[in-house]
Amino acid sequence: MPTAPSSPDGHASPPVVELAPLIERQQGRRAWYRVFAVCCLITFLDGFDFQILSFTATYLKGDFGLSDTQLGTLGTVGLFGTLVGGLCMGYLGDRIGRKPSIVVCVAGFGVFMLAFALAGTYAHLFALRFVSGFFLGGVLPLSWALTAEYAPKRVRVTAISVIMVGYTLGGAAGGPVSNLLVPGHGWSSVFVAGGLCSLLALVPVLLFLPESVKFLAQRARPDADRRIAATLARLWPAQRLADGAHFVPGDPQPPAPEKKFTPATLFRGSLARITPLLWIVYVCSSALIYFMVFWTPMINERMGFSVSAAALIAAAASVAGAVAQLAISRFVDRRGVGSILWMPLAATAAMLMLGLGSPGPALYICVIISAKMFVNGGHGGITSIAGTFYPTAIRANGAAWASSVAKVGAMVGPWLGGVLLDAGIGTSGAFTSFALCPAIMIVVLFAMGRVQRGLSPDTEGALATASVPAALAAPDGAGAGAGTGAGAVAGDGTEAVAARTGADAVPAASVPAGGDGDAEVAAPGRQKPEPQA
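Definitions and limits used
- Along every chain, residues carry numbers that run from 1 in the direction the sequence is written.
- Where local features are concerned, this predicted model is filtered to residues with pLDDT of at least 70; where side-chain atom pairs are given and counted, the filter is 80 or more; whole-chain, interface and lining totals use all residues.
- Just so you know, side-chain values use all the structure's heavy atoms and leave hydrogens and water out.
- Counting from the N terminus, the helices are DSSP H or I runs at least four residues long and the strands are E runs at least two residues long.
- Here the term buried applies to any residue with accessible area under 20% of the maximum for its type, exposed to any over 50%, and partly exposed to those in between, with areas from a 1.4 Å probe on protein chains only.
- By definition in these notes, contact holds between two residues if any of their heavy atoms fall within 4.5 Å.
- Calculation of accessible area relied on Shrake-Rupley with a 1.4 Å probe; when residues are assessed, cover is drawn exclusively from the protein chains displayed.
- Among the buried residues, those of types Ala, Val, Leu, Ile, Met, Phe, Trp, Tyr and Cys that are joined through side-chain atoms within 4.5 Å form a nonpolar core.
- Like charges are joined within 9 Å and nonpolar side chains (Val, Leu, Ile, Met, Phe, Trp, Tyr) within 5 Å, but only among residues with over 30% relative accessible area and no salt bridge; these make up the patches.
- Definition used for salt bridges: Asp or Glu carboxyl oxygen within 4 Å of a side-chain nitrogen of Lys or Arg.
- When charges are counted, Lys and Arg are positive and Asp and Glu negative, with His and the chain ends excluded.
- Here the site of a charge means atom NZ of a Lys, CZ of an Arg, CG of an Asp or CD of a Glu.
- Values of pLDDT, which run from 0 to 100, indicate the predictor's confidence residue by residue.
- Between N or O atoms, a polar contact is any pair within 3.5 Å; within protein, one atom must be a potential hydrogen donor and the other a potential acceptor, and residues adjacent in sequence are included only when both atoms are from side chains.
- The definitions used throughout rest on a 1 Å grid laid over the protein atoms alone, on which a cavity is an enclosed set of points accommodating a 1.4 Å probe that cannot get out and a pocket is an open set flanked by protein within 12 Å on both sides along at least five of seven lines; lining residues are those having an atom within 4 Å of a point.
- Grid points are joined across faces, edges and corners, and a volume is the space filled by probe spheres set on the points.
- Each residue gets one of three labels, nonpolar for Ala, Val, Leu, Ile, Met, Phe, Trp, Tyr, Cys and Pro, charged for Asp, Glu, Lys and Arg, and polar for the others, Gly among them.
- Only Phe, Tyr and Trp rings are paired, with Trp represented by its six-membered ring, and only when their centres lie within 6.5 Å; those with planes under 30 degrees apart are stacked, over 60 edge-to-face, the remainder tilted.
- Put simply, a charge is over a ring when the Lys NZ or the Arg CZ is close to the ring centre, within 6 Å, and near the line of the ring normal, within 35 degrees.
- Strand pairing is defined by DSSP finding a minimum of two bridges between the two strands.
- Only C-alpha atoms enter the line fits that serve as axes; for helices the fit covers just the stretch in contact. Angles between N-to-C directions range over 0 to 180 degrees.
- Throughout, the term roughly parallel applies to angles under 35 degrees, roughly antiparallel to angles over 145, roughly perpendicular to angles from 65 to 115, and oblique to all others.
- What makes a crossing left-handed is the near helix being turned counterclockwise from the far one by less than a right angle; a clockwise turn instead makes it right-handed.
- Here the expected length of a helix is defined as 1.5 Å per residue gap, with one fewer gap than residues.
- Two axes enter the bend calculation: one fitted to the seven residues ending at the residue in question, the other to the seven starting there, and the bend is the angle between them.

Quick look at the overall build of the protein now. When helices and strands are tallied, the protein shows 18 helices and six strands. The buried share among the 533 residues of the protein stands at 53%. Residue pairs at least 24 apart in sequence account for 77% of intrachain contacts in the protein once pairs closer than 6 positions are excluded. Total accessible area on the protein stands at roughly 21,600 Å², and carbon and sulfur atoms take up 67% of it.

Written out as structure tokens, the structure is:
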């Protein structure tokens, strides 16, 4: 039986296992669902805690004697807090890890939501809203990064979209919860509920949310291999790993240089074209969606609907938007960024119909729900790709910078909507003006699609292909050559998961691509028989 190659001192080198093929091979096991369920819970609470200010604004205005400008400023300072928090916590996530940073964020916005309920002056509200926004903004890019690093590439966008649906539904839940609690217990009760639920969510986060194994391998700390092996054993207990294995990320692109992250890192190589386009489309999408979120309920009332009917229309639009987010994600996984394009195209048509037409009540309801559906669907698609183009070493930073830059649009949207309405052009003029946002998105998404199609298959964010070079398709690993690593797909539809020693790959275990996800990673000198047709 062949032995592992020896190191210069005569000792056998530990087998090297690449993580990317293991993750690509996995199926919907319970552990996989548990990771995404916890992330979805986090984003649900994030959306709830961020949106409840809008549902309690009327009560805050009365209790504190606030002007409309002061009330609007509370919303703006919260968004500014999310901008700063996204940048800072994204940096922290790439330094100390995804899980500990998420724990800090969830604990932070839980504590400061409780503190907000105890505020006694406008200055207290202002400061507490900024700090809670800091932690609320930090948790989203961290959740995206962790989800992306555990999701196979074929469903990565869908997985991120699912957890973002949690954010949308959390925001929508603020209305019913406020209606339930505020009449009997006052506005502060909603913030107490949000804060307590967030702190309770720390239990499943601590118990069930694993650290990213790719992050651990990338950082290569002394205990990384032990922690990775323990994490994989919990996630996929039936998968056997060679004793003493050394784990590497296994991502096709080379690792990032060993130096501190700077924003310039986001503009190197293929990212020089991706990052600016992503930021532009994200800013436009955020301006449009926050205009819709902030002003649509009030515009509904101006159209003659009652307050309850206006809220019902807004709720239906949110549900439609969540469905659209999920639907578009499957197209993005299979066909790339360009498949998002038809969402802003339809949104442009709906916005122009609202602005230039004179729809009656029934048609208005249909069009406004359709507009929100297409706007949310496009925004969800963009959100889900925010971290997929960046390598593991800078994924949290890449997602955080995209999210934080987008906050510029988020702050401009509601403000510009108010300016346009105060200027006397009416709701039709506001809808017409904001139709420019999805129109710009169409152009930019088309350009991003062209760039993505030009990416080499071994680059993060490249379209997944069903075929592989002939050299990788040879059975029993023949022709793969040293250094091909794990993840080669054999001609009969099996995927080889290589455990390598030193610089040479030893024979790999072969499992059916798309199988049950439980396979043995071969130890040196051992090969699992290849399944027969």
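If you look at the biggest cluster of nonpolar residues, it comprises 111 residues, and the most contacted ones within it are Ile 102, Trp 144, Leu 209, Phe 291, Ile 385 and Met 448. Looking at this core, the element that brings in the most residues is helix H11 (residues 271-302), giving 16 residues. In this structure, Met 448 is in contact with Leu 277, Leu 278, Val 281, Val 337, Ile 385 and Phe 389, ignoring residues within four places of it in sequence. Counting residues in hydrophobic clusters, the runner-up holds 19 residues, among them Ile 52, Leu 53, Leu 60 and Leu 66.

Here the focus is a positive patch on the surface. A surface patch of positive charge is lined by Arg 95, Arg 219, Arg 221, Arg 227 and Lys 260. Topologically, Lys 260 is positioned in the loop between strand E2 (246-248) and H11. The class for Lys 260 is exposed, based on a relative accessible area of 61%.

Moving on, we come to the confidence of the model for the protein. Residues with a pLDDT of 70 or more make up 78% of the protein, whose mean pLDDT is 75. The low-confidence segment residues 1-7, where pLDDT is below 50, has 15 contacts with residues more than four positions distant or belonging to other chains. Segment residues 465-533 is flagged for pLDDT under 50; beyond a separation of four residues in sequence, or across chains, it makes 136 contacts in the model.

What follows is about the environment of Ala 371. As for its position among the elements, Ala 371 is in helix H14 (residues 361-385). Here Ala 371 falls in the buried class, since its relative accessible area comes to 0%. Counting along the chain gives 25 residues from Ala 371 to Ala 346, while the straight-line C-alpha distance between them is 7.7 Å. Residues in contact with Ala 371, not counting those within four places in the same chain, are Met 292, Ala 350 and Leu 354.

Counting through the fold element by element, Ser 212 comes out in the loop between helix H8 (202-208) and helix H9 (213-219). In terms of polar contacts, Ser 212 uses its side chain to reach the side chain of Glu 149, at 2.6 Å. Side-chain polar atoms of Ser 212 contact the backbone nitrogen of Phe 215, separated by 3.1 Å. Once residues within four sequence positions are removed from consideration, Ser 212 is found in contact with Arg 98, Leu 146, Glu 149 and Tyr 150.

Bringing empty space enclosed by the protein into the picture now. Any empty space left between atoms is shown by rolling a water-sized probe over those atoms. Counted by the stated rule, this structure contains two cavities of 30 Å³ or more. The volume enclosed by the second largest cavity comes to roughly 40 Å³. Lining the second largest cavity, in full, are Ser 285, Leu 288, Met 343, Pro 344, Ala 347, Phe 374, Val 375, Gly 378, Pro 438 and Met 441. Among the secondary structure elements, those contributing two or more residues to the lining of the second largest cavity are H11, helix H13 (342-356), H14 and helix H17 (436-453). Looking at the lining of the second largest cavity residue by residue, the classes come out as eight nonpolar, two polar and no charged.

Right, let's talk about the packing of aromatic side chains for a bit. With the rule as written, the count across this model stands at 13 aromatic pairs. Between Phe 134 and Phe 135, the aromatic rings sit 5.2 Å apart at their centres with planes inclined by 80°, giving edge-to-face as the arrangement. Each member of the pair Phe 134 and Phe 135 is classed as buried. Put simply, the rings of Phe 64, Phe 116, Trp 187 and Phe 191 touch in pairs and so form one group of aromatic residues. Taking NZ or CZ as reference, Arg 129 lies 5.1 Å from the ring centre of Phe 50, over its face.

Burial along strand E1 (residues 15-18) is two-sided: Pro 15 and Val 17 and Val 16 and Glu 18, pointing in opposite directions, are all buried. Here three bridges tie E1 to E2, and the two strands are oriented parallel to one another. When the bridges of E2 are listed, Val 16 appears paired with His 246.

In this section: the packing of H13 against H14. H14 packs onto H13 with a crossing angle of 150° between their chain directions and a minimal axis gap of 8 Å. By the angle between their directions, the pair H13 and H14 is classed as roughly antiparallel. With respect to the hand of their crossing, H13 and H14 are arranged in left-handed fashion. Taking contact as the criterion, the partners of Trp 342, Met 343, Ala 346, Ala 347, Ala 350, Met 353 and Leu 354 in H13 are, on H14, Tyr 364, Val 367, Ile 368, Ala 371, Met 373, Phe 374, Val 375, Gly 377 and Gly 378.

Before going further, it helps to spend a moment on helix H7 (residues 188-200). The terminal C-alpha atoms of H7 lie 18 Å apart, and with 13 residues this matches the ideal 18 Å at 1.5 Å per residue to within 8%. The set of residues buried in H7 consists of Ser 189, Val 190, Phe 191, Gly 194, Gly 195 and Ser 198.

As a further point, take helix H6 (residues 156-185). The end-to-end C-alpha distance of H6, which contains 30 residues, comes to 42 Å, matching closely the 44 Å that a straight helix rising 1.5 Å per residue would cover. Maximal helix bending in H6 amounts to about 35°, located at Ser 178. Backbone geometry just downstream of H6 places Gly 186 in the positive-phi region, at approximately 85°.

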